[in-house]
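Structural description and commentary
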Amino acid sequence: MTMTRRRALLLGAALSVSLVAAGCGSPGSPVPAGESAAPTSAGVSDADLSKALEAGGSITVWAWEPTLKQVAADFQAKYPKVKVNLVNAGTGNDQYTALQNAIKAGSGVPDVAQVEYYALPQFALAKSMTDLTPFGAGKLEGTFTPGPWNSVHAGQAIYGLPMDSGPMALFYNKEVFDKYDLKVPATWEEYIASAEKLHKADPKAYITNDVGDAGFATSMIWQAGGKPYTVDGTTVGVNFADPGTQKFTAAWQKLIDGKLLAPVGSWSDAWYKGLGDGTIATLVIGAWMPANLESGVKAGAGKWQVAPMPQWEAGGKATAENGGSSLAIPEAAAAKDLAYAFLKYANVDEGVRTRVDAGAFPATTAQLQDSAFLDKEFPYFGGQKANQVLAESAAQVVGGWTYLPFQVYANSVFNDTVGKAYTSATPLQDGLKAWQDVSVKYGQEQGFTIK
C-alpha cells in the first residue's frame, strides 16, 4: 500500500452508489439497470484460459498499485499476444467514482479493477463485479490468509482475488523507548501506561497520533472481537454498543482525555516530522508500512523496530487487518477470460513474487511461509527480520469481521461524527453512536432493511 493510496483510505471521500434493494437482489437476480447483462460462463477451465491467452487480445486494468507495472510487463512478455493497458484512473475513491460512472454509462468499463477490501462489498452487492467461482476461484481456498480471503467473499460468491494484506503490528521507535526506559507493551493497558510515562517525561512526545480515522477505529474494534456490522443480503445491522467496541472506546478514551495523542493527521508533513524526530513513538498499523517508513521517514532508519500488536487480554494472540486490496473483474468487462488469467498471474502465480520483491506485503500463504521472505533482514529496522512478526500477525487475524455494503460512504462521514470526540468533550462512545445513526439513515435511504 503506497502513501497516496493509504491517504485516500484515510480521507474516505464519499462515493455515491445506488444500492437500493431492487438493484441488490440475491445471486441469480437480474442485473441492475445500466449494467452489462453479459453472463459469466457457467464454467471456465484452465484449458479455456490457455486458449484465450493463445488467441490473444487486450485487457484494460484500472489500478494505482505501483508494483503492478512490472507485473503487467512480465505478463505481456510471457503471453506476447496479450496487451495489458494499465491505467491509473485515480486512487481509491476517485477510481471508484470513475468506475461507477462507467458502469452506469455502459461504456469504458475496464476488464480488471483494483478494489480495496472495505469497498468491495459495495460493488459486489450491486452486482457490479463478476462472481469468480465459475473460473475455479473456489479452489484457491488455502492459497490466501483468512483475513483477505474472507474479505473477497459474499456468501458463496467470490468477487475478487486478494492482492495484498495488512495484518497489524506495533511499529515503535526503539531509540525513544530506550531513552525513556519504556517497556514494549504487550497489552493495551501497558500501552496506555507507556503513553503516560513518555508524555510526562517529554511533553512534546506522544505514544502515537490520532485525530480520528475510520479504518484504524474499525481495525481496533475488529481486534477486540467486535462485530458492529452484520450483513445478510440487503438486511444490515449496525450496532456499536457491542462488547468489542466498548473495549476499544474505554481504552482510547483514556488517551484522549489525557491528551496523550499527537494532534496531527497521518500522512501530513507534521506526521512525517514526528516519526522522524521521535515525538511520535509508535504506529499500530498494517504490514504494508515498512516501505512507507523507508521512503518517507529516512531519519528513522535504524531506530524503528516491529513488535506484535498489543493485546486486549494478557497472553492473547489476536490481530486485525488494516488496509489491503483485491483485483476484481467488473460484470461489464469485455474480456473476462483474459482478465481472470491476469488476476491469477498477478495474485497467485509469478506476479506475487514480483510484487513481494518490490516491497508489497503478500496475502498468499506460500510467500508468508517462505524462508527467504521470513529471514529477510531490514536495515531500516536495525537488521530485524520484521517479516517474521508480520507473518505471525497474518495468521492471528480474528475471524468473522464484516464491512457494510456502503462502507465507503460510512467512512466518509466518520470525522463528522466520531471525529468530534477528538476535538470536543463528546465521549468516543457517543461519537460512534452518532456514526451509527448516520449510517443507519443512509442505509435506509438506499433501500436496505436496517436492524
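Up top is the structure these notes are about.
Residues numbered from 1 in each chain as written. Predicted model: local features only at pLDDT ≥ 70, side-chain atom pairs only at ≥ 80, totals over all residues. Heavy atoms only, no water.

1. Let's talk about the nonpolar core
Our working definition: Side-chain atoms within 4.5 Å link the members of a nonpolar core, which is a set of buried Ala, Val, Leu, Ile, Met, Phe, Trp, Tyr and Cys residues. Here the term buried applies to any residue with accessible area under 20% of the maximum for its type, exposed to any over 50%, and partly exposed to those in between, with areas from a 1.4 Å probe on protein chains only. Put simply, DSSP marks the helices as runs of H or I at least four residues long and the strands as runs of E at least two long, and each gets a number from the N terminus on. Only heavy atoms matter for contacts: two residues are in contact if any of them lie within 4.5 Å across the pair.
Val 115, Trp 252, Tyr 340, Phe 342 and Trp 435 are the most contacted members of the largest nonpolar core, which totals 115 residues. Counting residues per element, this core draws most heavily on helix α13 (residues 336–347), which supplies 8 residues. What Trp 435 contacts, discounting residues up to four positions off in sequence, is Ala 214, Thr 218, Tyr 229, Phe 240, Gln 407, Ala 410, Asn 411, Val 413, Phe 414, Thr 417 and Val 418. Membership of the second largest hydrophobic core comes to 31 residues, among which are Ala 262, Tyr 272, Trp 288 and Val 352.

2. Side note on the pattern of salt bridges
The line we're drawing: Basic side-chain nitrogens of Lys or Arg form a salt bridge, by our definition, when they fall within 4 Å of a carboxyl oxygen of Asp or Glu.
This structure, assessed with the given rule, holds 14 salt bridges. Residues Lys 183 and Glu 190 are paired through a salt bridge, measuring 3.7 Å at the closest nitrogen-oxygen approach. In this structure Lys 183 comes out as exposed when scored by relative accessible area, which is 57%. Assessed through its relative accessible area of 25%, Glu 190 is described here as partly exposed. Across the salt bridge formed by Asp 437 and Lys 433, the nearest N and O atoms sit 2.9 Å from each other. Separated by 4 residues within a single helix, Asp 437 and Lys 433 lie in helix α20 (residues 428–445), roughly one turn from each other. Asp 437 gets classed as partly exposed once you look at its relative accessible area, which sits at 38%.

3. Focus: the packing of helix α9 (residues 214–223) against helix α10 (residues 243–257)
This is how the line gets drawn: Axis lines are fitted to C-alpha atoms, over the contacting stretch for helices. Their N-to-C directions set the angle, which ranges from 0 to 180 degrees. Every angle not falling under 35 degrees, over 145, or within 65 to 115 is termed oblique; those three ranges are roughly parallel, roughly antiparallel and roughly perpendicular. Handedness of a crossing follows from how the near helix is turned relative to the far one, being left-handed for an anticlockwise turn of less than a right angle and right-handed for a clockwise one. Note on residue categories: nonpolar means Ala, Val, Leu, Ile, Met, Phe, Trp, Tyr, Cys or Pro, charged means Asp, Glu, Lys or Arg, and polar means any other residue, Gly included.
Following both chains from N to C, one finds α9 and α10 inclined at 120°, their axes separated by 8 Å at the closest point. Put simply, α9 runs oblique to α10. The way α9 lies across α10 gives a crossing that is right-handed. Of α10, the residues touching α9 (which contributes Phe 216, Ala 217, Met 220 and Ile 221) are Gly 244, Thr 245, Phe 248 and Trp 252. The residue inventory of the contact of α9 with α10, partitioned by class, reads 6 nonpolar, 2 polar and no charged.

4. Overview of the packing of aromatic side chains
Inclusion rule: Any Phe, Tyr or Trp ring, taking Trp's six-membered ring, that has another such ring centre within 6.5 Å forms a pair; planes under 30 degrees apart are called stacked, those over 60 apart edge-to-face, and the others tilted.
Inspection of the entire model under this criterion finds 32 aromatic pairs. Their ring planes at 25° and their centres at 4.9 Å tell us that Phe 135 and Tyr 340 sit as a pair that is stacked. Taken as a pair, Phe 135 in the loop between α5 (120–125) and α6 (146–151) and Tyr 340 in helix α13 lie far apart in primary sequence, 205 residues in all. In this structure, Phe 135 and Tyr 340 share a single accessibility class: buried. Judged by centre distance (5.6 Å) and plane angle (85°), the rings of Tyr 229 and Phe 240 are edge-to-face. A residue pair is termed long-range when its members are at least 10 positions apart, and Tyr 229 in strand β9 (residues 229–232) and Phe 240 in the loop between β10 (235–238) and α10 qualify at 11 residues. Look at Tyr 229 and you get buried, because its relative accessible area is 3%. Feature note: the residues Trp 222, Tyr 229, Phe 240, Trp 401, Tyr 403, Phe 414 and Trp 435 constitute an aromatic cluster, connected by ring pairs.

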